[in-house]
Amino acid sequence: MKVIICGAGQVGYGIAERLSQEDNDVSVIDTSQTLIAAITEALDVKGYVGHGAHPDVLEKAGAEDADMIIAVTLFDEVNIVACEVAHALFSVPTKIARIRAQSYLQPEYADLFSRQNMSIDVTISPEVEVGKMVLRRISFPGATDVMRFADDQIAMVAIECMEDCPVVSTPLHQLSDLFPDLMATVVGIYREGSLKVARSADQLEVGDLAYVICQREHVRRTLGLFGHEEPEARRIIIAGGGNIGHFVARTIEEHQPRTRLKIIESDRDKAITISETLRNTIVLHGSALDQNILSQADIQETDLIVMLTNNDQINILGGLLAKSLGCKSNLVLINSTSFNQITQSVGIDAQINPRAVTISRVLQHVRKGRIRSVYAVQHGAAEIIEAEALETSPLVGKSFRELHLPDGIRVGAIFRDGVVIRPDGATRIKARDRVVLFATADAVRDVEQLFRVSIQYF
C-alpha cells in the first residue's frame, strides 16, 4: 500500500514507523526540514519538505498513485485542505484527517464531514479518543488497559498479576472448568518484556500482564478473579483543563453525577472558561505541582488524580506528588515513549499514550479485509482486532478444532445477533459473526487473509 502522511510530529512519526515496519510504501510531508531529516534517517520512508496541502508537494510525494492520505499536522485546516486536494486532483481513495478543534465536532455540525459535504472518509480527534480512554480507565479500576468492541458489548482488559493474584500457577484451561459461566478468555501474556499468545496449558506468573477478552458485564468479575477489586473512584481531581480534561469532566458530569470532581488549570482565562461551562465541577486556578493548590483540592481525600497537562514531566511529577500527599491512585498522560519503562517503577499506577490511541484508529482503516476495529498493545507487538466473517471466509462453517489457526492468533469472543459467545473447540463461526481476537504483529497479515473479501462474495 502506498501511503502519504502529512505531518512528521509525534503522531505522524508513530504512524509512519508502524506502516513502514509492515513494508508499506510511505511518504511523509512536513514544513520542518529538521523533522523530515529525523524521520528519514530513522525510518524506511521518503521525506518531502513542504506544505501538505499544496498540489505540487503532494504530486512530488506520489499522490497520483497513492492509496491513502493521512493528514495529521497540528492545523485542522491544513489537514482538511490536504484531503480535499488529494481527492480533487489525484483521486486518492482513502482520506483521513486529524481534527483537534472541538468546534468542528459539535453535534449540531455532525454533517460537516459527511461525504456529500467534504471529501474526507475518516476524521480522528485525538483529544476525544484519549478522553474516552481516560473514561474507560476510570470505569474499570484495576485494569492497566481497556478497550471496547462489538457495540461496547465486548471488552479487552489488561490485568497485572500481583503476588496475591488467585489465578497464578493455574493452567488456563482449568479456569474455564472452574468458572464455566464466566465469559472471559485470556488471549495474551506479557512477561519480562516479551508478549505471546496465551495457550490453554499456560500458567500465569506473578508480574505477568494478562490480556483478557470478555463480555462487558463480566469485566468487574474478571478483575476480581485476578485479585483486583479496587472500588470505582468517586472523588477525582483532573489536572489540565484543555480539550481532553474538559471532555472528561463534561462526560463525568453527564453520566456520573454522584462523582465529586475538581479541575486544576494553570491558565487563568482557560480556568474561567471551563468554570462557566461545567455545572458541578470545582475549578481551581494554579499548578498541580503546588502543594497548597493540592491541599485546597483536598488531595488527601481524593480517590484518583488524572494528570492531563501538555507536559509529560508535570504529569509524572504531579501524579507522584499527589500520591505522596495521600491521593489513593494516579492516572497519567504521557506522550513520549522514553518514559514508558520507568513510570511504573517510580509510582505511576496507570498511564495513557495519546499517540498509541491515535495510531490504533488509523490502523483500523489500513487493515485489509472486514476489519471493524483495531487496538495496538505493547507498542505494536500485538493487536486486538474485531473482524466480520463473510460467507467466503475460510473460518466459516468449521469448528475451532478443525481450523488450525496460525500460531500468532487466539480468538477471545464472538458476537452473534447481539449475544456474546466464548469459543471452545466445538464452536463454529457463522457468516456475519463479529470475531474479537488477539494477533501478534507477524500474524496480522494472516488475520487479513482469514477475513478477506473474496471476489466470489460479489
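Residues numbered from 1 in each chain as written. Predicted model: local features only at pLDDT ≥ 70, side-chain atom pairs only at ≥ 80, totals over all residues. Heavy atoms only, no water.

With that settled, the discussion passes to the UniProt feature "domain: RCK N-terminal" (unreviewed entry) in the chain. UniProt's entry tags residues 1-124 and 233-354 with the feature "domain: RCK N-terminal" (unreviewed entry), counted in the numbering of this structure. Across residues 1-124, the secondary structure splits into 35% helix and 22% strand, with the terminal C-alpha atoms separated by 21 Å. (UniProt positions renumbered as here; feature names shortened; annotations may be inferred. Helix = DSSP H or I, 4+ residues; strand = E, 2+ residues; numbered from the N terminus.)

Among the surface-exposed residues, D56, E59, E64, D65 and D67 lie close enough to one another that they form a single negatively charged patch. Relative to the elements of secondary structure, E59 occurs in helix α3 (residues 55-60). The class of E59 is partly exposed, set by a relative accessible area of 45%. (Patch = residues over 30% accessible without salt bridge, like charges linked within 9 Å, V, L, I, M, F, W, Y side chains within 5 Å. Areas by Shrake-Rupley, 256 points an atom, 1.4 Å probe, with all protein chains shown as cover. Salt bridge = Lys/Arg side-chain N within 4 Å of Asp/Glu carboxyl O. Lys, Arg positive; Asp, Glu negative; His and termini not counted. Charge placed at Lys NZ, Arg CZ, Asp CG, Glu CD. Buried < 20%, exposed > 50% of the residue type's maximum accessible area, 1.4 Å probe, protein only.)

Below, the discussion takes up the pairing of strand β20 (residues 409-416). Remember that side chains alternate between the two faces of the sheet whenever the strand is regular. The buried fraction of β20 is high, at eight of eight residues. In this sheet, strand β22 (residues 434-440) lies alongside β20 in antiparallel orientation, the contact comprising six bridges. Of the residues in β22, the one forming a bridge with A413 is V436. Looking at chain direction, β20 and strand β21 (residues 419-421) are connected through three bridges and run antiparallel. Its bridge partner lying in β21, I414 is registered against I421. Hairpin connection of β20 to β21: two residues between the antiparallel strands, including D417 at a positive phi of 50°. (Pairing = 2+ DSSP bridges.)

As for its position among the elements, Q364 is in helix α13 (residues 354-366). The contact partners of Q364, leaving out residues within four places of it in the chain, are I371, R372, S373 and V374. (Contact = heavy atoms within 4.5 Å.)

Time to look at the sheet that holds β20. Pairing is antiparallel in the open sheet, where five strands are placed in the order β18-β19-β22-β20-β21. Looking at strand neighbours, the two that pair on one side only are β18 (371-377) and β21, the edges of this open sheet. Looking at each pair of strands side by side, their axes are set apart by 20° on average, direction ignored. Here β18 runs beside strand β19 (residues 382-388); their pairing, made up of six bridges, is antiparallel. Bridge assignment links S373 to a residue of β19, and that residue is E386. (Axes fitted to C-alpha atoms, helices over the stretch in contact; angles between N-to-C directions.)

Below, the discussion takes up unusual backbone geometry. Its identity is not glycine, yet H404 carries a phi of approximately 55°, on the positive side. Along the chain, the position of H404 falls in the loop between α14 (400-403) and β20. Its identity as a non-glycine residue notwithstanding, R432 has a phi of 80°, on the positive side. With respect to the element layout, R432 can be found in the loop between β21 and β22.

Before going further, it helps to examine the sheet that holds strand β2 (residues 25-30). The strand order across the open sheet formed by six strands is β3-β2-β1-β4-β5-β6, and the pairing between neighbours is parallel. Both outer strands of the open sheet, β3 (46-49) and β6 (122-124), are each paired with one neighbouring strand and no more. Sheet twist, expressed as the average angle between the axes of neighbouring strands with direction ignored, equals 15°. Here strand β1 (residues 2-6) pairs with β2 via five bridges, running parallel. When the bridges of β2 are listed, V3 appears paired with V26. Running over the sheet, helix α4 (residues 76-90) touches β1, β4 (68-71) and β5 (94-98) and is turned about 170° from β5.

Our next topic: the state of the cysteines. Within this structure, the stated rule accounts for zero disulfides. No disulfide involves C6; its nearest neighbouring cysteine sulfur is the one of C83, lying 7.5 Å away. When its relative accessible area of 1% is taken as the criterion, C6 is described as buried. (Disulfide = S-S within 2.5 Å.)

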